[in-house]
Number of protein chains: 2
Amino acid sequence: MQDQTEQTRERIEWVRKALAQGEDDCSLEALIAELHPADLAEIIDGLDEDAGVDFFGRIPPPLRAETLSEVDEEAWAGLLEGVDEQGIQALFGALELDDAADILAELSQDDAREILSRIEPEESREIAALMRYDEESAGGVMTTELVRVPARLTADEAIVALRHQGREVRDFHTIYVVDDSGNLLGTLGLQNLLVSDGEARVETIMSTDVVRVLPTVDQEEVARLFAKYNLVSIPVVDSDGRLLGRITVDDVIDIIEAETTEDIFRQSGVDEEEETFATPLEIFRSRAPWLLITLMTSGLGALVIAQFEDTIRRVAFIAVFMPVVAAMAGNTAVQATTVAVRRLALAKGHSGRPARSLLRELAAGFLIGGLISVLLGATAGVWQGSASAGLVVGGSMWAAMSLGATWGAAFPLLLDRLGFDPAVSSSVFLTTMTDMISFLLVLTSATYFLTRLL
Amino acid sequence: MQDQTEQTRERIEWVRKALAQGEDDCSLEALIAELHPADLAEIIDGLDEDAGVDFFGRIPPPLRAETLSEVDEEAWAGLLEGVDEQGIQALFGALELDDAADILAELSQDDAREILSRIEPEESREIAALMRYDEESAGGVMTTELVRVPARLTADEAIVALRHQGREVRDFHTIYVVDDSGNLLGTLGLQNLLVSDGEARVETIMSTDVVRVLPTVDQEEVARLFAKYNLVSIPVVDSDGRLLGRITVDDVIDIIEAETTEDIFRQSGVDEEEETFATPLEIFRSRAPWLLITLMTSGLGALVIAQFEDTIRRVAFIAVFMPVVAAMAGNTAVQATTVAVRRLALAKGHSGRPARSLLRELAAGFLIGGLISVLLGATAGVWQGSASAGLVVGGSMWAAMSLGATWGAAFPLLLDRLGFDPAVSSSVFLTTMTDMISFLLVLTSATYFLTRLL
């Protein structure tokens, strides 16, 4: 059997090549109809805007809505401009409500309002309601399409009810059980419904121990709940317990990926909103703030060095070792922080015995620092033909790495205690500190032993 | 309505406090029975080993299997040692087969074999078969517990069949349709089964366009397929198309989280296997290799500086600005790389117009570099009271940042072209290069203008 993903990849490549060469025959059309909307979206994301609009127009209408929801959000406005009024109605009729709300939120207010005025009033109202929630909250991620049944029905009656409701709802695995005022009483998995006695009342077979969220809860917390409790969907309720909507696991995977990208971008100081094809000026706006912070923090290290200009003039070789010591102390600290942050995440705020973990890191830093300091100190000593040079370089390296390890382990604990999020992204403040410590250690010890180094 | 997660957190805190204070009354037992296994696992992960074993013993037997599968894998061996033979049989009878295989894989071979000999032969065989797959492959993640029906059944007959099979299978949302030799023909969602005519044959209502994987596929690729196609489960088939098992979305969320941790750890040069409570010697083994690489790469920068000892001796103030220029060029490069890596990931190997994106980064680097170089150059000029000092520092900064941006954007494209994975974690080789370029630019320009700087 040929690997199916291999086959899909070949088909995508084939379509890409045909598009690039401007080939335009019916075999291309047939191939498009065979691809999954997610594959079609992948092709569009690789094209430039005009070619993307053109390609979107060739996708068979039944596949268009799902393809649209899968393409990169930067492309939405452009793709919709190429669709006529009738096409818009068909598209938004087929889109899931949460996807429709996400797409409209990316358009200009005027464009969004115009589209809302053209689609079915009830749907339009629901989409507008979804758009009022913060995009990164549970309310912003949920859809209002779900299957709900009254608690007093029997299992057989519930099956009839969901045969009616279920045709319009995609991917439901859970039925929500409500009372007459719409309050969520419990949930019923389809598998439980199927294996139950048909005469049993829904309220006797439903599960009442249901993890639920308010619409204001942050999407990251929603993702955490899915991961922790192995959920497939989660109901969203208002503060009175009334069922508002549900969030499904496919949205959660997208959330986790978006949050990871956000974290990586933040860590490098790139604005998370920076677009793939930003102009140089947009890039400037996105990245300059972080670089100015780097300028200030590295300036602090420079201030330290400036105090020792005279020492550097007299023992210039020390300038060769300064960046090495700073790099090693910095990396030691980042390693210790990475582990400490993970430990905090595992213990979920219950940090155990912080003193013990600090001592362990200090011991490890002392051990690794010892090995590397001997290597570097020997190099300095042999090069300069002076044991004192070796001792100054090796000794300050050892101290810098031991302090770096301890400081790196202590830093997230400190942030956590102060109520800040101890993310690894705080590493710039970490290395500012280790840079200053390193420069200070190397230069004060060189100044102190100055007469022996000359 | 009180937020439910708030309430859970309070309960967990209450249990933790009671345990820490050695309180031991029945209210604690009652509270334990009310918590979700994932919450119980969270409590165990926060305790030290002895207290964890003690607490595990107090969990009601029906909750133990799921709690065990949720605790951190480092704790498995310790917790199982505290369980008697009867308890082991009950535990492994209740565990899902993939979880059982994962747990046994963490024990010593002897312990695993002993446990396998004590549990039901059929289950034991299936677990042993799962253990043969690589832990991070589709085969290692899948479970063999699933619901399968022959294609020739009617919908009503299929419901009867799954009432029989379904009692032992947790969380199934999809029925797998097979032919008489066990080959996978298609899938049938429970929701489609429920809304179908009872007389319809399964083969006429099943979906045949099923994304499937071989057991040897890497778990990261499995996660990518779930994310791309919005899957809730995926069937695993052998090369003849025979159905072997299924992977469910809750495992995939765990995979994504594990891969993220792995990436973060790798990026800081911490071995991904480093345990939470590693001894200093284990920490040494996990982190020393990366620090030795850092030593070598930062040593290359030091070699550059060493060539200019004489310049530094004569214009020592230049040593103050070297680390600043290096830090700025390095961060500019890391920002450009982060964006380039994401662009590559979005385009999935279809890099579009690399030349255009390099030009855009060069322009942005030139723009941001210009602003920052004026700031830094002015500082240097005023401090040293010399326009030449300002020009040397500002000019080399500008060049270093422009080159850093271009090199940072080009680096992942180059790695990708050469067939390597262009992860952000390659940033150490990036900054080695920017350090060397920075030192070289600052020091050669200072040497060139030496007479004007004195």
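Residues numbered from 1 in each chain as written. Chains lettered and ligands numbered in written order. Predicted model: local features only at pLDDT ≥ 70, side-chain atom pairs only at ≥ 80, totals over all residues. Heavy atoms only, no water.

Here's the deal with the overall build of chain A
In step 1: If you tally the helices and strands in chain A, you get 23 helices and five strands.
In step 2: For a compact globule of 454 residues, the expected C-alpha radius of gyration is about 22 Å, and chain A comes in at 30 Å, more than 25% above that figure.
In step 3: A principal-axis box enclosing the C-alpha atoms of chain A has dimensions of 95 × 60 × 50 Å.
In step 4: Per-residue burial over chain A gives 54% buried out of 454 residues.
In step 5: Taking the contacts inside chain A whose residues are at least 6 apart along the sequence as the reference set, 64% of them involve residues at least 24 apart.
In step 6: On chain A, roughly 20100 Å² of surface is accessible, and the fraction owed to carbon and sulfur atoms is 54%. (Helix = DSSP H or I, 4+ residues; strand = E, 2+ residues; numbered from the N terminus. Rg over C-alpha atoms; globule rule 2.2 N^0.38 Å. Buried < 20%, exposed > 50% of the residue type's maximum accessible area, 1.4 Å probe, protein only. Contact = heavy atoms within 4.5 Å. Areas by Shrake-Rupley, 256 points an atom, 1.4 Å probe, with all protein chains shown as cover.)

Some points on the side chain of B:Ser386
All names here are of chain B.
In step 1: The residue Ser386 is located in the loop between helix H20 (354-384) and helix H21 (387-417) in this model.
In step 2: Polar contacts involving the side chain of Ser386 include one to the main-chain amide nitrogen of Ser388, which spans 3.3 Å.
In step 3: Residues within four places of Ser386 in sequence aside, it is in contact with Gly381, Arg452 and Leu453. (Polar contact = N/O pair within 3.5 Å; in protein donor to acceptor, adjacent residues only side chain to side chain.)

With respect to the domain arrangement of chain A
All names here are of chain A.
In step 1: We note that the domain assignment places domain 1 (4-133), domain 2 (148-267) and domain 3 (307-453) within chain A.
In step 2: If you average the C-alpha positions of domain 1 and of domain 2, the two centres end up 28 Å apart.
In step 3: Roughly 390 Å² of surface becomes buried between domain 1 and domain 2 when both sides are summed, with 32% attributable to carbon and sulfur atoms.
In step 4: When residues of domain 1 are sorted by the area they lose upon contact with domain 2, Glu66, Glu96 and Tyr133 head the list and together hold 79% of the total.
In step 5: One can count zero salt bridges joining domain 1 with domain 2.
In step 6: Counting across the domain 1 and domain 2 interface gives zero residue pairs in polar contact (both at pLDDT 80 or more).
In step 7: Considered class by class, the residues forming the side of domain 1 that touches domain 2 number one nonpolar, no polar and three charged. (Domains from an automatic or database assignment. Buried area = accessible area lost by both parts, 1.4 Å probe. Salt bridge = Lys/Arg side-chain N within 4 Å of Asp/Glu carboxyl O. Nonpolar A, V, L, I, M, F, W, Y, C, P; charged D, E, K, R; others polar.)

What about the sheet that holds strand S2 (residues 174-178) of chain B?
Residue and element names in this part refer to chain B.
In step 1: Read from one edge of the open sheet, three strands run S1-S2-S3, paired in mixed fashion. A single partner strand is all that each edge strand has here, and the edge strands are strand S1 (148-150) and strand S3 (184-189). When strand polarity is set aside, the average angle formed by the axes of neighbouring strands in this sheet is 35°.
In step 2: Bridging between S1 and S2 involves three bridges; their strand directions are parallel. (Pairing = 2+ DSSP bridges. Axes fitted to C-alpha atoms, helices over the stretch in contact; angles between N-to-C directions.)

A word on the packing of aromatic side chains
Residues and elements named next belong to chain A.
In step 1: Following the criterion strictly, the structure yields twelve aromatic pairs over all chains and no others.
In step 2: Between Phe317 and Trp383, the ring centres sit 6.3 Å apart and the planes meet at 90°, which makes this aromatic pair edge-to-face. Pair noted here: Phe317 is in the loop between helix H18 (309-314) and helix H19 (318-347) and Trp383 is in helix H20 (residues 354-384), with a separation of 66 residues, a long-range link.
In step 3: For Phe317, a relative accessible area of 3% corresponds to the buried category.
In step 4: Accessibility expressed as a relative area gives 38% for Trp383, which makes it partly exposed. (Phe/Tyr/Trp six-rings, centres within 6.5 Å; stacked < 30°, edge-to-face > 60°.)

Considering the relation of the copies chain B and chain A
In step 1: Once chain B has been moved 0.0 Å along the axis and rotated by 180°, it coincides with chain A to within an RMSD of 0.1 Å. A rotation of that kind, with that shift, is consistent with a two-fold axis. Taking C-alpha positions as the reference, the residue of chain B nearest the rotation axis is B:Arg313, at 2.2 Å.
In step 2: Both copies contact each other with a shared surface, as 100% of the interface residues of chain B are interface residues in chain A too. (Least-squares fit on C-alpha atoms with pLDDT ≥ 70 in both.)

Some thoughts on the nonpolar core
In step 1: Judged by nonpolar contacts, the single largest core of 126 residues is most densely connected at A:Phe92, A:Ile247, B:Phe92 and B:Ile247.
In step 2: In contact with A:Phe92, not counting residues within four places along its chain, are A:Leu80, A:Ala100, A:Ile103, A:Leu104, A:Ile115, A:Ile119 and A:Glu123.
In step 3: One finds A:Val325, A:Ala326, B:Ile305 and B:Ala380 within the second-largest nonpolar core, a separate group that totals 75 residues. (Core = buried A, V, L, I, M, F, W, Y, C linked by side-chain atoms within 4.5 Å.)

Structural notes on the sheet that holds strand S1 (residues 148-150) of chain A
All names here are of chain A.
In step 1: Taken together, three strands build an open sheet; the order of strands is S1-S2-S3 and the sheet is mixed. Edge strands, defined here as strands with exactly one partner in the open sheet, are S1 and strand S3 (184-189). When strand polarity is set aside, the average angle formed by the axes of neighbouring strands in this sheet is 35°.

A look at the interface of chain B and chain A
In step 1: In this complex, chain B contributes 126 residues to the contact, which on the side of chain A involves 126 residues.
In step 2: At the boundary of chain B with chain A, total buried surface from both sides reaches about 11000 Å², with 64% on carbon and sulfur atoms.
In step 3: At the surface where chain B touches chain A, the tally comes to eight salt bridges.
In step 4: A:Lys228 serves as the salt-bridge partner of B:Glu42, at 2.6 Å between the closest nitrogen and oxygen.

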